[in-house]
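Letter by letter, the chains look like this.
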Amino acid sequence: MSSLDKFVNVIQTSLNSRNPLAGRSIHAHIIKRGLHFSVFLMNNLIHFYARTGSIPTARLLFEDMPIKNKFSWNTILSAYAKQGDIGSAHVLFDEMPDRDSVSWTSMIVGYNHIGCFQKSIFMFLDMVSCQAWPSQFTLTNILASCAATGGLGIGKKVHSFVVKLGHSCNVSVANSLLNMYAKTGDPITAKKVFSKMRLTSVSSWNAMITLHMQTGGVDVALAQFEKMEEKDVISWNSMIAGYNQHGYYLEALGVFCKMIVQSSLRPDTFTLASALSACSGLEDLRLGKRIHGYIVRAEFNTSAVVGNALISMYSKSGGVVSARKIVDQGTSSSLNIIAFTALLDGYMKLGDVNPARQIFDSSKDRDVVAWTAMIVGYVQNGLQNEAIELFKSMLSEGPRPNNFTLAAMLSVSSSLASLNHGKQIHASALRTGEVSSVSVGNALITMYSKSGNIDNAKCVFRQVNQNRDTVTWTSMIIALAQHGRGDEAIDLFEKMQKQNIKPDHITYVGVLCACTHVGLVRQGRTYFSMMQTVHKVEPTLSHYALMVDLFGRAGLLEEAQRFIKTMPIEPDVIVWGSLLSSCRIHKNVDLANIAAEKLLLLDPENCGAYAALANVYSACRKWDEAANIRKSMKDRKIKKEQGFSWVELKSNVHVFGVDDLIHPQRDAIYESLAKIWKEIKKMGFVPDTESVLHDLDEELKEQLLKHHSEKLAVAFALLNTPDGATVRIMKNIRVCNDCHSAIKYISKLVNREIIVRDVTRFHHFKDGFCSCRDYW
């Protein structure tokens, strides 16, 4: 053996033993012997230094070489690329006098390594144009780039190279093709590739199992899994993860149990994380604890993936305290966003926001999902002001809000009926480009609708023309129904069906609501039947209540009563409440007694039932009976819900009660209202003293009517908004007949649109008319 070969053998031994000191000692001996001019020996030394992490030394050695060959250049190039120093690699690549397939492949691998898959693809295209033929290693790497970017077109061109160069039978290349077609959405070609493979590996079968799971072929995946003669951990993981993906949590846990019992393979962290994820899906704390026990007994490391999966499982299954212990014990060194969100959600479900906020504040590197989770938690617990404050902090110091954040904040605007706040969120959505998101579009429709701006809601609906889903159509139908545009709502429902968008049970709530608000009894019957026979939507209590309301409002009280008797499910308080409300409108005392009795059996403390029954007696001038009901309420300490109206002005909310005397502008409000009252009476307005359900003289009744909360709110808004501006009033209970009539006259007097949202719908008053056509 020559001395050169001996030195190469010793260098290789030092490399295998990862002994950099031995390598340096050999390098010194080579220099002493004067062998450092040998290109072959220097290439081996460069390779040694590069592989042992001494790339600067390898580069110095490379620079000192008087003669360099392709191997010299490729060795140092590959070292830079594998280290992720793609900048240095590219400089060296550009300086190379002669590039070969290895040079190009090194650059492709380098770009893949740092996640620049698109640049990797461009490098491959340049390689082909320079007529450098790709190797099997090149092809597997570029196919991985295509899979990562979803580049099916380029992937197919690479496939043609595979065939042309005769690599179709290479198992690793074929597996890469399978992976590429599966991830770029061409399962048919993937199956063809698999069927033509003469030799298959476990990886080939695993790729096909994953593919079938991704495309919904759960049974086919199971059949292939059972055919496998040899399985590895990835095979089992693919089945468990695939079942989880489709919500088959019991099946996922069944495969996990088989693996433990029947296989000699030891589960890895991904197996355990998937099994715990299945427990999370089932919210099965008992089973989750058993798997946790197995993890402890098997002495698995519960950091990172498994630790986060445990936190998620406990949080979602009602074991928030155990989840927090895992965090506090530090067994999960890096709490990931899924576990963090689950932990937040676990506390929020308990209504325990303080620990959730402590976790949020203590967490480092909070991303948009973490901020959104905290904001949504506040929203779900009715803490709108806290949600708003946190959103403001997010805008100033956090990440850019995404579509879920904006949708959550729009729901806050909807619940507060805050148009100004909603418009600001809309502006944020426009700036960030999230306005095109379906969830944001749907939330905008609801926000504008609940804030009284139906025209803006329609405008948003038109803008999301390309991305409409069932929720979009449903949101708009409900919005139109609530604003008294029943005919438009029904027309939209018909268009929805023509576009083959399947309505759901909420869509039908909107449709029946539209029929109810405008008295379309015949259409209501038709749609209630269509819901069951055509779209196979099983009616819920909400649908039944709407049908009772539809019949009742139209005066068909006997039909409403018969409908209740034929219901296949027990009527709830809303159904009986709808009937009782209709009895008040149509002054049917006997049926009102029946409805109230049924309602109070279900909810003995229901103040609305007592109040409605008393109002029926009062409307029929049965003052003694009405007084007895009110006395019964007093004896039982049941208080009637007090009516309030409010106006939002410059981000401040002004609330008014009946005969309100505490507002700072009370003198101006009462003076303005007195003038308005006098003017509308001149126009022909006659106070509806029957709306006062007490046995009083007419003058006192009129005085009581004059100072209802919605009239005070209208007077305040007229004093504090510019001429011609739309007035928006919100009310927590149903608007009374007298206020409804008065506001029609006021709208004509001041030549303004006045929008009043009560507990059931919107009333748009303009030029002396209301959008409800006096049917409400």
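The name given to the chain in an unreviewed UniProt entry is DYW domain-containing protein, with the source organism recorded as Kalanchoe fedtschenkoi. Regarding the chain, the UniProt comment filed under Sequence similarities (unreviewed entry) reads as follows: "Belongs to the PPR family. PCMP-H subfamily."

*Asks:* Would you explain the nonpolar core in this entry?
*Replies:* Note on soluble globular proteins: their nonpolar side chains tend to be buried together. Residues Ile375, Met476, Tyr527 and Leu579 are the most contacted members of the largest nonpolar core, which totals 140 residues. The greatest single-element share of this core, amounting to eight residues, is contributed by helix α23 (residues 368-380). Sequence-distant contacts of Met476, that is, excluding residues within four places in its chain, are made with Ile445, Ile454, Ala457, Lys458, Phe461 and Leu492. In terms of nonpolar packing, the next biggest core, distinct from the first, is built from 53 residues, Tyr80, Tyr111, Ala174 and Phe194 among them.

*Asks:* I would appreciate a short explanation of the layout of surface pockets in the present structure.
*Replies:* Gaps left between atoms are located by rolling a probe of water-molecule size over the structure's atoms. The calculated volume of the second largest pocket comes to roughly 740 Å³. Looking at the second largest pocket, it is lined by 32 residues, and the ones nearest its centre are Ser418, Leu419, Asn420, His421 and Glu648. Listed by contribution, the elements that provide at least two residues to the lining of the second largest pocket are α24 (384-397), α26 (419-432), β1 (644-649), β2 (652-657) and β3 (727-731). Sorting elements by how many residues they give to the lining of the second largest pocket places α26 first, with eight residues. Residue composition of the lining of the second largest pocket, by class: 15 nonpolar, 11 polar and six charged.

*Asks:* Quick question: what am I supposed to make of the packing of aromatic side chains here?
*Replies:* Remark: the centre distance and the inter-plane angle together describe each pair of aromatic rings, the angle taken between the planes. Across all of its chains, the model carries 19 aromatic pairs by this definition. Centre to centre, the rings of Phe93 and Trp104 are 5.0 Å apart; their planes meet at 75°, and the pair counts as edge-to-face. Here Trp104 lies in helix α7 (residues 101-113) and Phe93 lies in helix α6 (residues 86-95), a separation of 11 residues in the sequence. For Phe93, a relative accessible area of 3% translates into the label buried.

*Asks:* Explain the domain arrangement of the chain here, please?
*Replies:* By domain assignment, the chain separates into domain 1 (539-641) and domain 2 (645-770). Using only C-alpha atoms to locate each centre, domain 1 and domain 2 end up separated by 28 Å.

*Asks:* What should I look at first to understand helix α35 (residues 573-586) in this one?
*Replies:* Residues that lie three or four places apart on an α-helix share one face, since the helix turns once every 3.6 residues. The end-to-end C-alpha distance of α35, which contains 14 residues, comes to 20 Å, matching closely the 20 Å that a straight helix rising 1.5 Å per residue would cover. Among the residues of α35, Val575, Trp576, Ser578, Leu579, Leu580, Ser582 and Cys583 are the ones counted as buried. Along its buried surface, α35 packs onto α33 (541-553), α34 (557-565), α36 (589-602) and α37 (607-619). The first or second residue beyond α35 is Lys587, which carries a positive phi of 55°.

*Asks:* In this structure, what is going on with unusual backbone geometry? I would like to understand it.
*Replies:* Phi angles above zero are rare outside glycine, and Glu299 is one such case at about 60°. Within the element layout of this structure, Glu299 appears in the loop between α18 (285-297) and α19 (304-316). Even without being a glycine, Asp767 presents a positive backbone phi close to 55°. Relative to the elements of secondary structure, Asp767 occurs in the loop between β5 (762-766) and β6 (769-770). Judged by its relative accessible area of 45%, Asp767 falls in the partly exposed class.

*Asks:* Explain the pairing of β1 to me, please; I cannot follow it from the model alone.
*Replies:* Because side chains alternate across β1, one face comprises the buried residues Ser645, Val647 and Leu649, and the other comprises Phe644, Trp646 and Glu648, none of which is buried. As defined by bridge partners, β1 adjoins β2 across six bridges and the pair is classed as antiparallel. The residue of β2 that forms the bridge with Glu648 is Val653. Two successive antiparallel strands, β1 and β2, enclose a turn made up of two residues, where Lys650 displays a positive phi of approximately 50°.

*Asks:* How should I be thinking about the UniProt feature "repeat: PPR" (unreviewed entry) in the chain in this particular structure?
*Replies:* The feature "repeat: PPR" (unreviewed entry), as given by UniProt, occupies residues 69-103, 170-204, 232-267, 367-401 and 469-503 in the numbering adopted here. The span residues 170-204 carries 74% helix and 0% strand; its end-to-end C-alpha distance comes to 11 Å. As annotated, residues 469-503 comprises 74% helix and 0% strand, and the C-alpha atoms at either end are separated by 10 Å.

What counts and how
Residues numbered from 1 in each chain as written. Predicted model: local features only at pLDDT ≥ 70, side-chain atom pairs only at ≥ 80, totals over all residues. Heavy atoms only, no water. UniProt positions renumbered as here; feature names shortened; annotations may be inferred. Core = buried A, V, L, I, M, F, W, Y, C linked by side-chain atoms within 4.5 Å. Buried < 20%, exposed > 50% of the residue type's maximum accessible area, 1.4 Å probe, protein only. Helix = DSSP H or I, 4+ residues; strand = E, 2+ residues; numbered from the N terminus. Contact = heavy atoms within 4.5 Å. 1 Å grid on protein atoms, 1.4 Å probe; cavity = no way out; pocket = protein on both sides within 12 Å on 5 of 7 lines; lining within 4 Å. Points joined across faces, edges and corners; volume = space filled by probe spheres on them. Nonpolar A, V, L, I, M, F, W, Y, C, P; charged D, E, K, R; others polar. Phe/Tyr/Trp six-rings, centres within 6.5 Å; stacked < 30°, edge-to-face > 60°. Domains from an automatic or database assignment. Expected span 1.5 Å × (residues − 1). Pairing = 2+ DSSP bridges.

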